[in-house]
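Chain by chain, the residues run as shown.
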Amino acid sequence: MSQMQTEEKVHTSAWKRFLFSDMLADKTAAKKIAYIAVLAALCIVTNTFEIKFASVQFSFTILSSVLAGMMIGPLFGAAAVFLGDGIGYLMNSMGYPYYWWVALSCATMALIAGLVMYIPMRFKGSIYVKLTIICVSTLFICSVVINSTGMYYIGLDLYMPKNVLAAFEEHFGGQQTFGFYLVIRFFIFGQIWNSVVNYALLFAIIPTLKAIKPLKLRLE
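Residues numbered from 1 in each chain as written. Predicted model: local features only at pLDDT ≥ 70, side-chain atom pairs only at ≥ 80, totals over all residues. Heavy atoms only, no water.

Draft legend 1. Fine view of the overall build of the protein. Scanning the protein from N- to C-terminus turns up 10 helices and two strands. Along the protein, helices (α) and strands (β) appear in the sequence α-α-α-β-β-α-α-α-α-α-α-α when read from the amino end. Looking at the protein as a whole, 44% of its 220 residues qualify as buried. Of all intrachain contacts in the protein linking residues separated by at least 6 positions in sequence, the fraction that spans at least 24 positions is 74%. Just so you have it, the protein exposes about 12,100 Å², and 71% of that area is on carbon and sulfur atoms. (Helix = DSSP H or I, 4+ residues; strand = E, 2+ residues; numbered from the N terminus. Buried < 20%, exposed > 50% of the residue type's maximum accessible area, 1.4 Å probe, protein only. Contact = heavy atoms within 4.5 Å. Areas by Shrake-Rupley, 256 points an atom, 1.4 Å probe, with all protein chains shown as cover.)

Draft legend 2. Summary view of the packing of helix α3 (residues 29-48) against helix α4 (residues 61-72). The N-to-C vectors of α3 and α4 enclose an angle of 170°; their axes lie 9 Å apart at closest approach. One finds that α3 runs roughly antiparallel with respect to α4. Touching Y35, I36, L39, L42, C43, T46 and N47 of α3 are T61, S64, L67, A68 and I72, all from α4. Grouping the constituent residues of the contact of α3 with α4 by class yields eight nonpolar, four polar and no charged. (Axes fitted to C-alpha atoms, helices over the stretch in contact; angles between N-to-C directions. Parallel < 35°, antiparallel > 145°, perpendicular 65-115°, else oblique. Nonpolar A, V, L, I, M, F, W, Y, C, P; charged D, E, K, R; others polar.)

Draft legend 3. Region of the structure containing helix α6 (residues 100-116). The first and last C-alpha atoms of α6 sit 24 Å apart over 17 residues, in line with the 24 Å expected at 1.5 Å per residue. α6 sits mainly inside the fold: 13 of its 17 residues count as buried. (Expected span 1.5 Å × (residues − 1).)

Draft legend 4. Main features of the packing of aromatic side chains. All chains considered together, the criterion is met by 10 aromatic pairs. With 4.7 Å between their ring centres and 90° between their planes, Y152 and Y153 make a pair best called edge-to-face. Taking the relative accessible area as the measure of exposure, Y153 reaches 60% and is therefore exposed. Plain terms: the ring middles of Y153 and F178 are 6.3 Å apart, the flat faces sit at 20° to each other, and that makes the pair stacked. Of this pair, Y153 sits in helix α7 (residues 126-159) while F178 sits in helix α9 (residues 178-188), and the two are 25 residues apart along the sequence. Residue classification places F178 among the partly exposed residues on the basis of a relative accessible area of 24%. (Phe/Tyr/Trp six-rings, centres within 6.5 Å; stacked < 30°, edge-to-face > 60°.)

Draft legend 5. Structural context of the side chain of S59. When you line up the elements, S59 lands in the loop between β2 (56-58) and α4. When its relative accessible area of 9% is taken as the criterion, S59 is described as buried. Apart from the residues lying within four places of it in its own chain, the contact partners of S59 are T46, E50, N194 and N198.

Draft legend 6. Broad picture of the nonpolar core. If you look at the biggest cluster of nonpolar residues, it comprises 42 residues, and the most contacted ones within it are V66, M70, L131, I134, L202 and I206. Residue assignment for this core shows that the elements contributing at least two residues are α2 (22-25), α3, α4, α5 (74-91), α6, α7 and α10 (191-211). For this core, the leading source of residues is α6, giving nine residues. Each residue touching V66, except ones within four places of it in the same chain, is listed here: A113, I134 and L202. (Core = buried A, V, L, I, M, F, W, Y, C linked by side-chain atoms within 4.5 Å.)

Draft legend 7. Seen up close, α3. Look at α3: 28 Å from first C-alpha to last across 20 residues, which is about the 28 Å you get at 1.5 Å a residue. Every buried residue of α3 is listed here: K32, Y35, L39, A40, C43, I44, T46, N47 and T48. Those residues of α3 that are buried lie in contact with α2, α4 and α5.

Draft legend 8. Structural view of the state of the cysteines. For the coordinates displayed, the defined rule picks out zero disulfides. Here C142 stays free of any disulfide, with the sulfur of C106 as its closest cysteine sulfur at 8.0 Å. (Disulfide = S-S within 2.5 Å.)

Draft legend 9. Here's a closer look at the side chain of N194. Summarising the element assignment, N194 is placed in helix α10. Those residues in contact with N194 that sit more than four places away from it in its chain are Q57, F58, S59 and I62.

Scope: geometric values only; no functional claims are made or implied.
Structure below.
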């Protein structure tokens, strides 16, 4: 094999890895479409149904988004999540406007998860190191930077209860800053607990998925 052919093979392999996970890279187009459809359907379900406990609103969109990236791959995993978020909104908008930055945040979670899975680690238990990297990076990049920034600069007046804004101004005075908003969103509205539950479920589910032989998950 010539040097040019070798470089072309490596280049093609890199592109395949950006599109699909190791699990799907060599499967037929029909199987790839089936996996994308199943994970997109899971994202629709998690975007449609939510659980509210006191002021904390629980959903499993973080879990489904990360799983889509790990199982499908970076690019098509992100596409499945974005599609699932949009259809989920159409099925259950609850009268709210479409928060496109939430869809972007979830899709980015899938992108990050898919890319992290390709970090070369060849030791027992490396999947849990990768999961830790995924959890930390998606929490900061997606939940804090993308989602919270969108909510603060675009969606604050759309969804934040007026009594909460009034109470904030009464106790703290002046306009609510981004830093104070993060405290409210994560520790009063409970986004941090929603994230912790999703990430804990992720750590609990992965061993089960690895044990399902037909999936042939190559996670380490």
